Structure formats: structure tokens, C-alpha cells
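Descriptive analysis of the structure
One-letter residues, chain by chain:
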Amino acid sequence: MTTKKTAAADHASLVRMLRDEDFASLAARAYALKTEVWGKRVALRGLVEVSNVCARNCLYCGIRRGNAKTARYRMDEDEILAAVAWAAENRYGSVVLQSGETDDEPSALFFERVLRHIRAELGDGLGITLSLGERHRDVYRRWLDAGANRYLLRIETSDPELFARIHPAEQSWRTRLECLRTLRDLGYVVGSGVMIGLPGQDVDSLARDIEFLRDEGVDMVGMGPYIAHPDTPLAAYAPRLEREQLLDLSLRMIAAVRLAIPDANIAATTALQAIDPEGREKGLLAGANVVMPNITPRKYRGDYLLYPGKPCTEEDSELCRGCLERRVKSIGEEIAWGERCDPVHFERRTR
Ligand code: SF4
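A quick note: this is a predicted structure, and the numbers were derived from the prediction, not measured.

Turning our attention to the site of the ligand. Neighbouring the ligand are the residues Cys54, Arg56, Cys58, Tyr60, Cys61, Ile63, Arg64, Gly100 and Glu101. Split into classes, the residues belonging to the shell around the ligand amount to five nonpolar, one polar and three charged.

If you want it as C-alpha cells, here you go:
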């Protein structure tokens, strides 16, 4: 693993990468850089979707509170601990606890207890990422004190006007930005990302997204293609891009982020696989270095549908593990079993 400084890709060169550069040469440049920083290794994060209860109403999301067709669930503490223990036993190195957003004290306390319990049972070796939405500084601090290391909070778009068009008025871009900065100040390893292919979004806007992620000092990047969920208000807008174009743009975004932030952890997200069966492998070959296999108990997976066509909702965790290992090997990479793989970017940022 080598340290790389943030590259000074300017706006025009980012636009060129997203629109004009030959894709094969762009991906080759990004993959070479990924290999230089990380070697031919892929970091694993076991994803536990702990609850699909959400107080928010994002216009694109299948588990928004206004979608009465979603059957709601909450994993209890024992179920979460069992999933996390399975990840540790299977040398996942790191887990992500993700949930819809519920800004209340009982949920703050619940996660605090779960985190302390995980640390008491499994020690400090496992990386724990939270993805639980916008919360107050005190809650973020309590979760950090209880054992969390990292936090994922997608900005979704760096354009406040576009953000306002895809969220209800009660949600604010500024608040989300402040949460990201709070997380960084508190000492979390911070992750963020954007949706790609939103109605009203262009290449210029996506290039600004990359600049935003770089300039905000984000350590981990998770981006996904926008896939319309039929039970959401945003689905009323006709898709702007065909699947092939969406895949091309999503892979270009991964490559351009790798070139702009060489030492960030970048995920090849499951949503990529939803638009192409080999989407995750293609993401890795375009410069991503992280995959997040789903280790949620199978009985809940079908209810955490942020978008339709989500893969791996029927397989159990054991099957996903074997499938993933085969997929990663097929492209000449190895899984970094048992390693936390903290982003080099974070080490450099906090040195
Ligand atoms: S995107 Fe997140 S906060 Fe928004 S409705 Fe979906 S789960 Fe809730």
C-alpha cells in the first residue's frame, strides 16, 4: 500500500474524463493507480441492513416513509450481533450497519448499546461503519465513543438546487453538508457519494460532485447509478439514460474519482450489478477497491429495496461469500480477507 497525494484534476479535465476520453484508456489509468495504492486486492465490508424504517421521504427511495407498500422491519440486537459475529468469523475485516433514518433518542441509545456489545464480544479489530443518516453532533460522538470507526453519509449531489428537487422541503443540502463536516471534525473516517444519472443532472454537475468529494476531504466514496423505483415520486420522470449509457457513466465516475482522489476507498456498489450482471467486476477494473456483500438475514433482504432489481436478495451470506470470491478471482484480484483496509486517505488526512 503506498501513500498518494490528492491529484489536482481540474474541472475541464474531469469533464473530459466523463464525456470524451476513450473509456478503455481512462479505466486503465485509474486501475493502474488503484493497483499502485492498493495492489491487486479488494477490501470487503459486510453490509447489515438493520432496519428499513425511515422518517424521511426522499423522492427516489423505495423505503421512504410515504411508501405504504414496503413491509417494515427492525432487526433486534441479537440478530445484529449474530450477523456481525458471522462477518468476523468469516474474516470480513469490516462491517457496515445501515438503516433508514430515525432521528430519535431510542434509536440513538439502541445503536450505542449495539456498538458497545459488539466491541465487548469481538474486540477492536473489526472495522465498524455506520450509515444511519443525519443526526446531532452529540449522537455521532456517542456512537464514536461506543466503538464506531467510520460513517457513510451520501450527499447525493453537490448541487443544492438539484438536491432540493429530489428531496422534500424539510430536508436540506446545507444540513447534510454540516453533518459531513461534523463527522470529519469528530474523527470518523468519512464516506460520501452521489447518485449518477438523476433527472436534471449533467456531466458538468457530476464533475462538480467529484470536486466536492475531493475538496471536502472524503475518505471513502460510494456512488451508484440512479435506478427509478416505481413506487416513488421521482419515477414519474422518464429515464434520461439507457442502461448502457448509465453503466458507462457510472464506471467513468469511479475512474475519475480514483484519478482525483487516488488514496480514497471507492466502492463498486451493488447498484452497479443491478444494471449489469458483471457491474461490480467492471467497477473494480475501473478503479474501485471495495465491495460490500450483503450479510443481512435473508428474511429481511427483500424489504430493503431502495431501488428495484437489487441483486443478492435471495442468496444467504454463505453463498454470497463464495460467489464474491469467484467473481473477484475472475478478474485477477484477491480479497483482503481479515483486513480492515482503512483508507490511506484518512491516514494522510489525519497525520
Ligand atoms: S434515502 Fe435514506 S433517508 Fe432517504 S428515504 Fe431512503 S432510507 Fe430514508
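Now that the structure is up, let's keep going.
Looking now at the packing of aromatic side chains. Enumeration over the complete set of coordinates arrives at nine aromatic pairs. Look at Tyr151 and Tyr188: their rings are 5.7 Å apart centre to centre, the planes differ by 80°, and that puts the pair in the edge-to-face class. With a gap of 37 residues between them, Tyr151 in strand 5 (residues 150-152) and Tyr188 in the loop between helix 7 (173-186) and strand 6 (189-192) connect regions that are remote in the sequence. Classification of Tyr151 by relative accessible area gives buried; the value is 0%. Residue class for Tyr188 comes out buried when judged on its relative accessible area of 0%. An aromatic cluster of three or more residues is present, and its members are Trp86, Tyr92 and Trp337.

The next point concerns the side chain of Gln171. You can see Gln171 is positioned in the loop between helix 6 (160-166) and helix 7. With relative accessibility at 5%, the residue Gln171 sits in the buried group. Among residues more than four places away in sequence, those in contact with Gln171 are Arg56, Asn57, Cys58, Phe163 and Arg176.

One non-glycine residue with positive phi stands out, namely Arg91, at about 60°. Position of Arg91 relative to the elements: it lies in the loop between helix 3 (77-89) and strand 3 (94-99). For Arg91, a relative accessible area of 45% corresponds to the partly exposed category. Unlike most non-glycine residues, Cys341 shows phi in positive territory, near 50°. Note that Cys341 resides in the loop between strand 12 (334-335) and helix 14 (344-350).

Before going further, it helps to spend a moment on the pattern of salt bridges. Applying the stated rule across the entire model yields 28 salt bridges. In this structure, Lys69 and Asp231 form a salt bridge, with 3.0 Å as the shortest nitrogen-oxygen distance. Taken together, the residues Lys69 in the loop between strand 2 (46-51) and helix 3 and Asp231 in the loop between strand 9 (224-225) and helix 9 (243-260) connect sequence positions 162 residues apart. Among the ionic contacts, a cluster of salt bridges with common partners joins Arg56, Glu101, Glu134 and Arg176.

So, about the packing of helix 8 (residues 203-215) against helix 9. Following both chains from N to C, one finds helix 8 and helix 9 inclined at 35°, their axes separated by 10 Å at the closest point. In this structure, helix 8 meets helix 9 at a crossing whose hand is right-handed. Of helix 9, the residues touching helix 8 (which contributes Leu206, Ile210 and Arg214) are Leu249, Met253, Ala256, Val257 and Ala260. Class assignment of the residues belonging to the contact of helix 8 with helix 9 gives a composition of seven nonpolar, no polar and one charged.

Criteria and thresholds
- The residue count restarts for each chain, going from 1 along the sequence in the order it is written.
- The predicted origin of the model limits local features to residues at a pLDDT of at least 70 and limits the giving and counting of side-chain atom pairs to 80 or more, whereas totals for whole chains, interfaces and linings rest on all residues.
- Note: side-chain values were computed over all heavy atoms of the structure, leaving out hydrogens and water.
- Nearness here has a simple test: a residue counts as near a molecule or strand if at least one of its heavy atoms is within 4 Å of that partner.
- Lys, Arg, Asp and Glu make up the charged group, whereas Ala, Val, Leu, Ile, Met, Phe, Trp, Tyr, Cys and Pro make up the nonpolar group; the residues left over, Gly among them, are polar.
- Here the aromatic set is Phe, Tyr and Trp, taking the six-membered ring for Trp, and pairing holds for ring centres within 6.5 Å; pairs whose planes are under 30 degrees apart are stacked, those over 60 apart are edge-to-face, and all others are tilted.
- A run of H or I in DSSP counts as a helix once it spans at least four residues, and a run of E counts as a strand once it spans at least two, with each numbered from the N terminus.
- Note on exposure labels: buried denotes an accessible area under 20% of the residue type's maximum, exposed denotes more than 50%, and partly exposed covers the range between, all computed with a 1.4 Å probe on protein chains only.
- Residue contacts are defined here by distance: any two heavy atoms, one from each residue, within 4.5 Å place the two residues in contact.
- Salt bridges are defined by distance alone: a side-chain nitrogen of Lys or Arg within 4 Å of a carboxyl oxygen of Asp or Glu.
- Here an angle of 0 to 180 degrees is reported between the N-to-C directions of two axes, which are lines fitted to C-alpha atoms, with helices fitted over the stretch in contact.
- Take the far helix as your reference; a near helix turned counterclockwise from it by less than a right angle gives a left-handed crossing, and one turned clockwise gives a right-handed crossing.

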